[in-house]
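Read off the chains here:
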Amino acid sequence: MKPQPPHDPTAAAPDRFLEMLRGATADGTLVKLTLGHYQGAEPGLKKVLARPVRIRGELRLSCVFRYATRDVTKNFLPGEGIHRVRGWLAGDFQSAYLATTRAAAELTCPAGAAPRLVVTPAPHAAPSDLRHDRVKARRIDPEADRWLEALGVTTRAGTVRHGMEGKFRQIDKYLEILEALLARLPGARRRDLRLVDMGCGKGYLTFAACRHLQRTGWRLTARGVEARADLVEQANRIAREHAFDGLRFECGRIADTAVAEGEVLVALHACDTATDDALAKGVQAGAPLILSAPCCHRELRPQLRPPPALADACAHGILRGRLAEWATDALRAALLEWAGYDTSVFEFISSEHTAKNLMIAAVQRPSPARDGDRARGVLELAASFGVRHQRLAQQLGFRLG
């Protein structure tokens, strides 16, 4: 009796593709799966990357949902995972690529045309690594970067302390974002950089930025500004002990700190309107890059007048608070656009690690002129929520009411 082929060549292309995926998952030959050309309704989603992993002895299909500014990982039992892939291929994704140790398959599902499947020889000789926590390339090294131990992030043995895993991921993600944004600046090739970190706290991110950027060829001078004198003293001591050239910490409030022309400004988790003070300082100094992760949003809540359609929903305190946060950061982004910056708002790191996970990034445009169209957008946004005064607008001389 002749052996049966791995799939039915007369079946529809998506069914044959799913049959190959099901077989490769079952017999351990699956290497990876990629779904692309997303056409669904999920904002910012680009693709889904999947691979087999073993978690607590059980096989899972680990799916990484790749958004424009973040990755979200979800693990499914094989049957559920394949069921979800079937649903995604029914309309959300127009292409899929499957790699196994036996063959590769590329499925295209263009709108208005019949799906097409192309099967080619296997590009991989070995199956996927089933370890769930594979070693990832990091921009900081818990073993070599001993300043992390001084800040309480790692142990003497060079491992991340229990409870500090989120902070370690936050540091690494911050460096990834900063690196990508700096590459967009006109003077990036000259590799000269001055950076000020407003409200830097213990300096986790300040130390990380200084060490990583200098390692990667930037001629960097940096300063951290913090109101608590004990933290400033501690940070300067760590900087001396671990040979951080070009880095200093100074005691001061954001509102009272001068920003030099051309300094990159970072303000992560400055509380309430201190974020606005930092943003205004950056704009007024012509900072080529402003990076902020807002914290607390108390200013707009008392004056918030939600649109009629949202009035009943905002009777619930938690929803009113979230709307105030949304309106505050939307207004900040709009004001930065008006002030001559290309601005993006995105999730800094998963809320699993910190609730303060929103980031506003603003890169100065080559011709940062303020224009009427953007001004009208700011006014319309403020009026739609009944906002008549806001700290950043006030600092920049923009009249809302």
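Located above this text is the structure these notes cover.
The shown structure was predicted, so the numbers you read here are calculated from the model rather than taken from an experiment. (Residues numbered from 1 in each chain as written. Predicted model: local features only at pLDDT ≥ 70, side-chain atom pairs only at ≥ 80, totals over all residues. Heavy atoms only, no water.)

Engineer: Which residues make up the nonpolar core, and what values do they have?
Structural biologist: Counting 47 residues, the largest nonpolar core has Trp147, Tyr174, Leu178, Leu182, Phe207 and Leu291 as the members making the most contacts within it. Sort the elements by how many residues they give to this core and helix H4 (residues 165–182) lands first, with 8 residues. When near neighbours in sequence (up to four residues on either side) are disregarded, Leu182 contacts Ala188, Leu193, Leu213, Trp218, Val264 and Leu289. The next biggest cluster of nonpolar side chains, apart from the first, holds 41 residues, and it includes Val196, Ala280, Ala324 and Leu381. (Core = buried A, V, L, I, M, F, W, Y, C linked by side-chain atoms within 4.5 Å. Buried < 20%, exposed > 50% of the residue type's maximum accessible area, 1.4 Å probe, protein only. Helix = DSSP H or I, 4+ residues; strand = E, 2+ residues; numbered from the N terminus. Contact = heavy atoms within 4.5 Å.)

Engineer: Any chance you could break down the pattern of salt bridges for me, citing the residues and the numbers?
Structural biologist: Counted by the stated rule, this structure contains 25 salt bridges. As a salt-bridge pair, Arg219 and Asp192 come within 2.7 Å of each other at their nearest N and O atoms. Of the two residues, Arg219 sits in strand S9 (residues 219–226) while Asp192 sits in strand S8 (residues 192–198), which places them 27 residues apart along the sequence. (Salt bridge = Lys/Arg side-chain N within 4 Å of Asp/Glu carboxyl O.)

Engineer: Run through the layout of surface pockets, naming residues and quoting values.
Structural biologist: Size it by volume and the second largest pocket reaches roughly 470 Å³. Taken together, 24 residues line the second largest pocket, and the ones lying closest to its centre are Gly199, Cys200, Gly201, Glu226 and Arg228. The set of elements that each furnish at least two residues to the lining of the second largest pocket consists of H4, helix H5 (204–215), S9, strand S11 (264–271) and helix H7 (273–284). Broken down by class, the residue content of the lining of the second largest pocket amounts to 9 nonpolar, 8 polar and 7 charged. (1 Å grid on protein atoms, 1.4 Å probe; cavity = no way out; pocket = protein on both sides within 12 Å on 5 of 7 lines; lining within 4 Å. Points joined across faces, edges and corners; volume = space filled by probe spheres on them. Nonpolar A, V, L, I, M, F, W, Y, C, P; charged D, E, K, R; others polar.)

Engineer: An account of the sheet that holds strand S1 (residues 30–38) is requested, with residue identities and associated values reported.
Structural biologist: Pairing between sheet strands relies on hydrogen bonds along the backbone, with the strands arranged either parallel or antiparallel. Read across the sheet, 7 strands follow the order S4-S3-S2-S1-S5-S6-S7 without closing on themselves; strand pairing throughout is antiparallel. The sheet terminates laterally at strand S4 (71–76) and strand S7 (116–121), the two strands that pair on one side only. Averaged over all pairs of adjacent strands, the angle between strand axes in this sheet comes to 15°, irrespective of strand direction. Taken together, the 7 bridges between S1 and strand S5 (residues 93–100) define a ladder with antiparallel strand orientation. The partner of Leu30 across the bridge, within S5, is Thr100. (Pairing = 2+ DSSP bridges. Axes fitted to C-alpha atoms, helices over the stretch in contact; angles between N-to-C directions.)

Engineer: Go over the packing of aromatic side chains, please, and point to the residues and values.
Structural biologist: The full count for this structure, using the stated rule, is 9 aromatic pairs. Ring centres 4.9 Å apart and planes at 50° place the aromatic pair Tyr38 and Phe93 in the tilted group. In this pair, Tyr38 is assigned in strand S1 and Phe93 in strand S5, connecting sequence segments 55 residues apart. For Phe93, a relative accessible area of 2% translates into the label buried. The interplanar angle of 70° and the centroid separation of 6.5 Å between the aromatic rings of Trp88 and Phe93 together place this pair among those described as edge-to-face. Per residue, the accessibility class of Trp88 equals that of Phe93, and both read buried. (Phe/Tyr/Trp six-rings, centres within 6.5 Å; stacked < 30°, edge-to-face > 60°.)

By themselves these figures say nothing about function.
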